[in-house]
Amino acid sequence: MERKDEESFAELGKKEASIGKAKLNNIHASHLIKDERFAYIVEPMCQLRGMDLFLTTNAEEEIWRQPMLNECGLREVPTFIGNMLLPFGNITVYFRLPEWFDDWNNIPEENDDDSPDVKAMKRFLSGDE
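If you're wondering where the values come from, they're calculated on a predicted model, not measured in any experiment. (Residues numbered from 1 in each chain as written. Predicted model: local features only at pLDDT ≥ 70, side-chain atom pairs only at ≥ 80, totals over all residues. Heavy atoms only, no water.)

**Considering the pairing of strand β7 (residues 89-96)**
Moving on, step 1. Of all eight residues making up β7, six are buried, and the element is well covered by its neighbours.
Moving on, step 2. Where strand β5 (residues 47-55) meets β7, eight bridges bridge the pair, whose relative direction is antiparallel. Its bridge partner lying in β7, Asp52 is registered against Thr92.
Moving on, step 3. Note: strand β6 (residues 79-86) against β7, eight bridges, orientation antiparallel. Note on β7: the bridge partner recorded for Met84 is Ile91.
Moving on, step 4. A loop of two residues connects β6 with β7, the two strands running antiparallel in sequence. (Buried < 20%, exposed > 50% of the residue type's maximum accessible area, 1.4 Å probe, protein only. Helix = DSSP H or I, 4+ residues; strand = E, 2+ residues; numbered from the N terminus. Pairing = 2+ DSSP bridges.)

**A short note on the packing of aromatic side chains**
Moving on, step 1. Inspection of the entire model under this criterion finds two aromatic pairs.
Moving on, step 2. With a centroid separation of 5.7 Å and 65° between ring planes, the pair formed by Phe80 and Phe124 is classed as edge-to-face. With a gap of 44 residues between them, Phe80 in strand β6 and Phe124 in helix α3 (residues 116-126) connect regions that are remote in the sequence.
Moving on, step 3. Given a relative accessible area of 28%, Phe80 falls into the partly exposed group.
Moving on, step 4. Relative to Trp104, the ring of Phe101 lies with its centre 5.0 Å away and its plane at 75°, an arrangement referred to as edge-to-face. (Phe/Tyr/Trp six-rings, centres within 6.5 Å; stacked < 30°, edge-to-face > 60°.)

**Overview of the pattern of salt bridges**
Moving on, step 1. Summed over the entire model, instances satisfying the criterion amount to four salt bridges.
Moving on, step 2. Across the pair Arg96 and Glu99 runs a salt bridge whose closest N-O atoms are separated by 3.5 Å.
Moving on, step 3. Residues Arg123 and Glu110 are paired through a salt bridge, measuring 2.8 Å at the closest nitrogen-oxygen approach. Pair noted here: Arg123 is in helix α3 and Glu110 is in the loop between β7 and α3, with a separation of 13 residues, a long-range link. (Salt bridge = Lys/Arg side-chain N within 4 Å of Asp/Glu carboxyl O.)

**Here's the deal with the sheet that holds β5**
Moving on, step 1. Spatially, β5-β7-β6 is the arrangement adopted by the three strands of the open sheet, whose pairing is antiparallel. Lying at the two open borders of the sheet, with one neighbouring strand each, are β5 and β6. Here the average twist between neighbouring strands, direction ignored, is 15°. (Axes fitted to C-alpha atoms, helices over the stretch in contact; angles between N-to-C directions.)

**Brief notes about a nonpolar patch on the surface**
Moving on, step 1. Together, Leu53, Leu55 and Phe88 make up an exposed nonpolar region whose accessible area comes to about 330 Å².
Moving on, step 2. Among the structural elements, Leu55 can be located in strand β5. (Patch = residues over 30% accessible without salt bridge, like charges linked within 9 Å, V, L, I, M, F, W, Y side chains within 5 Å. Areas by Shrake-Rupley, 256 points an atom, 1.4 Å probe, with all protein chains shown as cover.)

**Examining the side chain of Thr79**
Moving on, step 1. Take Thr79: it is sitting in strand β6.
Moving on, step 2. We classify Thr79 as buried; its relative accessible area is 15%.
Moving on, step 3. A distance of 2.8 Å separates polar atoms of two side chains, one belonging to Thr79 and the other to Arg49.
Moving on, step 4. A distance of 2.8 Å separates the side chain of Thr79 from the backbone oxygen of Val77, its partner in a polar contact.
Moving on, step 5. Excluding residues within four positions of it along the chain, Thr79 makes contact with Arg49, Leu74, Tyr94, Phe95 and Leu97. (Polar contact = N/O pair within 3.5 Å; in protein donor to acceptor, adjacent residues only side chain to side chain. Contact = heavy atoms within 4.5 Å.)

Written as structure tokens, this is what we have:
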């Protein structure tokens, strides 16, 4: 996707953005897009692929093991599964991982030129605090 008003990362770090009514100063996201309606839009690093609500009296802790995830194509691309255990069941969200991620055994190392959000994601995926 080509961005018309994309600026360099150094310039973006000096900008202001807002989410709802909360102003964000000194933002450092890797993908900021200038927009007509808003000052800047922060493009998500991981795109939402879907969400499920499973109603049950016994919430499933290891929902990622369910064969239905293979049957509906969620494993065709690298996907992060967030599973919230609730008294009435599970809320499960599925996010497509960034293009630079292809395998859990091959998570790319941090680079000096990575933006802070990419560095944080690489640390999170590798299990580093």
